[in-house]
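# Fold and contact review
Next come the chains, spelled out residue by residue.
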Amino acid sequence: MRAAGKGRFRHPPDPVAEKFGRSVHFDRRLARHDLEGSRAHAAVLVKAGILSRKEAAAIRKGLDRIEKEIAQGKFRWKESLEDVHMNIEAALTARVPAGAKLHTGRSRNDQVATDLRLWLRETIQGDLAGMTALQKALVGVGQKYREVILPGYTHLQRGQPVLLAHHWLAYVEMLERDKGRLKDAARRAEVLPLGAGALAGSTLKLDRNVARKLLRFRELSANSMDAVSDRDFLVEYLAAVALGGVHLSRLAEDLILFSSAEFAFLKFGEAFTTGSSLMPQKRNPDMAELVRGKSGRLTGHLVSLLTVLKGLPLTYNRDLQEDKEAVFDAADTWRNSLEVMARAIASIEVDAGACLYAASAPELLATDVAEALVREGLPFRKAHQAVGAAVRKAEEKGTRIDRLEEKDWEGISERQWMAVSGVLQAHSPAARLRKALQNRQAVVGAPSPSLVEGELRRWAKVLR
Ligand code: ARG
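Only a predicted model underlies this, so the values are computations on that prediction, with no experimental measurement involved. (Residues numbered from 1 in each chain as written. Predicted model: local features only at pLDDT ≥ 70, side-chain atom pairs only at ≥ 80, totals over all residues. Heavy atoms only, no water.)

### Things to note about the site of the ligand
- For the ligand, the full set of nearby residues is Ser 23, Asp 27, Asp 83, His 85, Arg 108, Asn 109, Val 112, Tyr 316, Gln 321 and Lys 324.
- In the model, an oxygen atom of the ligand is placed 2.2 Å from a nitrogen or oxygen of the Tyr 316 side chain.
- A distance of 2.5 Å separates an oxygen atom of the ligand from a polar side-chain atom of Lys 324.
- Alone, the ligand offers 340 Å² of accessible surface; in the complex the protein occludes 87% of this.
- Among the residues forming the shell around the ligand, the class breakdown is two nonpolar, four polar and four charged. (Near = heavy atom within 4 Å. Polar contact = N/O pair within 3.5 Å; in protein donor to acceptor, adjacent residues only side chain to side chain. Areas by Shrake-Rupley, 256 points an atom, 1.4 Å probe, with all protein chains shown as cover. Nonpolar A, V, L, I, M, F, W, Y, C, P; charged D, E, K, R; others polar.)

As structure tokens, this is what we get:
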């Protein structure tokens, strides 16, 4: 069906063209928001004297009934009616004669822009809850394995020891920034397009504030042309979840690596792994791999909407219909990834011994030794050189730096040698590592046990 009914046209649309233009199979997802917008618009029309109170009440009742039927799966969607807006309007008008007045002063252009903003508000609320759940799962494993020490990596080479909880909390921080971006996007989307009409408002006296209050928007759009062509709010959403997806993908990658036999730091719960159809011994981290893979889709949706918008002249163009599948799929992908990740994280079993073993090579404390020499008055560059030379020496002798003797440490004083031993000598690797981490007390954000403990407590409280 054509938006304006038969009026302008002598012939029906080409069947292929009609099918090509249909969107009801995906935009019916906006039905509840469309109905909400229609109720608000009806109130505007009452104030403008276009609908009587009686007519508006009949319309509201009709819309409520349609809502119920949709919720129960009883509503008869008609593909031939093109989109969600036409379906609802047609169903309403078939039941309530005054329904034919509802589209006064409104276009599907301001209508769909309103629906999408309402949808986005609700979606972001749900996303935030899902993100908090994942953060809680990360804090949970952090608490459960609070003592575990493992290597921190740069260039995927062992760098310095850290607490595993510190590693998890890094992702809690990322997710918190992601939440900030979504909240910010939601706040900016609280601008109501309804009343912009097709592009130039209306000659009728529409008090847009009536709808704004009912729909709980912060502001009215100030420019009718901008209002119907703006999809920034969706781009912002896609950008935020694309970055969130990248964060989940990096987390997934860490987990995939750490669960491999080469690292063997942890295992996913069986319920989050799969076997191989051929190799009987396999237990693969498919869920993490899928989360990593699906982040590609999120990035793709961002790029696709930006590409749709680029080059569109003002104002509404049908290209804009292409916004929906991108944002709907992004929203589903994002929500599902969060959910599976939270559950997979909670299922993790950590091998504390394997982590400790990997962190135990004394070379991981080379930086700490250099800093001990700095405390004894050596300029850092000299200290760096001295420790580097000792590492090389140990390598040549086929040993480790903690087994070198004083004479192997060329050009350092007795006191400095004591400082070196202070870092490297201990009755066990675990004791040596704990001491090294405790020494990081003074630096905000460092992985000392008491600082990390404080962070775990802080997050548990923030996320409650
Ligand atoms: N289904 C359309 C969309 O999503 C609704 C707006 C149609 N407006 C129009 N002038 N054809 O963009």
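### Details of helix H4 (residues 53-71)
- Relative to the 27 Å expected for 19 residues at 1.5 Å per residue, H4 spans 27 Å between its end C-alpha atoms, a close match to the ideal helical length.
- All buried positions along H4 are accounted for by Ala 56, Ile 59, Gly 62, Leu 63, Ile 66 and Glu 69. Around the axis of H4, the buried residues are gathered within 145° of arc, so they sit on the same side. The outward face of H4, more than 90 degrees from its buried face, is lined by the exposed residues Arg 53, Lys 54, Lys 61, Lys 68 and Ala 71.
- Residues of H4 that are buried sit in contact with helix H3 (31-47) and helix H5 (84-95).
- Following H4 by one or two positions, Gly 73 adopts a phi angle in the positive range, close to 75°. (Helix = DSSP H or I, 4+ residues; strand = E, 2+ residues; numbered from the N terminus. Expected span 1.5 Å × (residues − 1). Buried < 20%, exposed > 50% of the residue type's maximum accessible area, 1.4 Å probe, protein only. Arc of directions from axis to C-beta. Contact = heavy atoms within 4.5 Å.)

### Some details on the environment of Phe 268
- Topologically, Phe 268 is positioned in the loop between strand S5 (266-267) and helix H11 (286-309).
- C-alpha of Phe 268 to C-alpha of Val 24: the two residues are 244 residues apart in sequence and 41 Å apart in space.
- Contact partners of Phe 268, with chain neighbours within four places excluded, come to Leu 255, Ser 259, Thr 273, Arg 283, Pro 285, Ala 288, Ala 344, Ser 347 and Ile 348.

### Regarding the side chain of Arg 432
- Along the polypeptide, Arg 432 turns up in helix H17 (residues 429-438).
- Among the residues examined, Arg 432 registers a relative accessible area of 6% and is labelled buried.
- At a separation of 3.0 Å, a polar atom in the side chain of Arg 432 contacts the side chain of Asp 402.
- Residue contacts for Arg 432: discarding those within four places in its chain leaves Ser 360, Pro 362, Leu 365, Arg 400, Asp 402, Val 423, Leu 424 and Ala 426.

### Focus on the layout of surface pockets
- Roughly 770 Å³ of volume is contained in the largest pocket.
- Taken together, 29 residues make up the lining of the largest pocket; nearest its centre are Gly 152, Val 162, His 166, His 167 and Ala 170.
- Of all the elements in the fold, those that place two or more residues in the lining of the largest pocket are strand S1 (149-154), strand S2 (157-163), helix H7 (164-188), helix H10 (232-258) and helix H18 (449-463).
- If you tally residues by element for the lining of the largest pocket, the top one is H7, at seven residues.
- Its residues placed into classes, the lining of the largest pocket shows 15 nonpolar, eight polar and six charged. (1 Å grid on protein atoms, 1.4 Å probe; cavity = no way out; pocket = protein on both sides within 12 Å on 5 of 7 lines; lining within 4 Å. Points joined across faces, edges and corners; volume = space filled by probe spheres on them.)

### Thoughts on the pairing of S1
- Note: S1 against S2, six bridges, orientation antiparallel. Residue pairing for S2: Gly 152 is matched across the bridge by Gln 160.
- The antiparallel hairpin formed by S1 and S2 contains two residues in its connecting segment, where His 155 sits at a positive phi of about 55°. (Pairing = 2+ DSSP bridges.)

### Re empty space enclosed by the protein
- All chains considered together, the criterion is met by three cavities of 30 Å³ or more.
- Taken as a whole, the largest cavity spans an internal volume of roughly 40 Å³.
- In this structure, the largest cavity is lined by His 41, Val 44, Leu 194, Gly 195, Leu 206, Arg 208 and Ala 211.
- The set of elements that each furnish at least two residues to the lining of the largest cavity consists of H3 and helix H8 (208-215).

### With respect to the nonpolar core
- The biggest cluster of nonpolar side chains holds 129 residues, and the ones touching the most others in it are Tyr 237, Trp 334, Ile 345 and Trp 409.
- In terms of residues, this core owes the most to one element, H10, which gives 14 residues.
- Look past the residues within four positions of Tyr 237 in its chain and what remains in contact with it is Trp 119, Leu 120, Thr 123, Ile 124, Asp 127, Leu 182, Val 327, Ala 331 and Trp 334. (Core = buried A, V, L, I, M, F, W, Y, C linked by side-chain atoms within 4.5 Å.)

### A few points about the pattern of salt bridges
- Within this structure, the stated rule accounts for 36 salt bridges.
- A salt bridge links Asp 408 to Lys 397; its shortest N-O distance comes to 3.1 Å. One end of the pair, Asp 408, is in the loop between helix H15 (380-396) and helix H16 (414-424); the other, Lys 397, is in the loop between H15 and H16, with 11 residues separating them in the sequence.
- Exposure remark for Asp 408: the relative accessible area of 7% places this residue in the buried category.
- Among the residues examined, Lys 397 registers a relative accessible area of 46% and is labelled partly exposed.
- Here Arg 432 makes a salt bridge to Asp 402, at a shortest N to O gap of 3.0 Å. Here Arg 432 is found in helix H17, whereas its partner Asp 402 is found in the loop between H15 and H16, with 30 residues between them in sequence. (Salt bridge = Lys/Arg side-chain N within 4 Å of Asp/Glu carboxyl O.)

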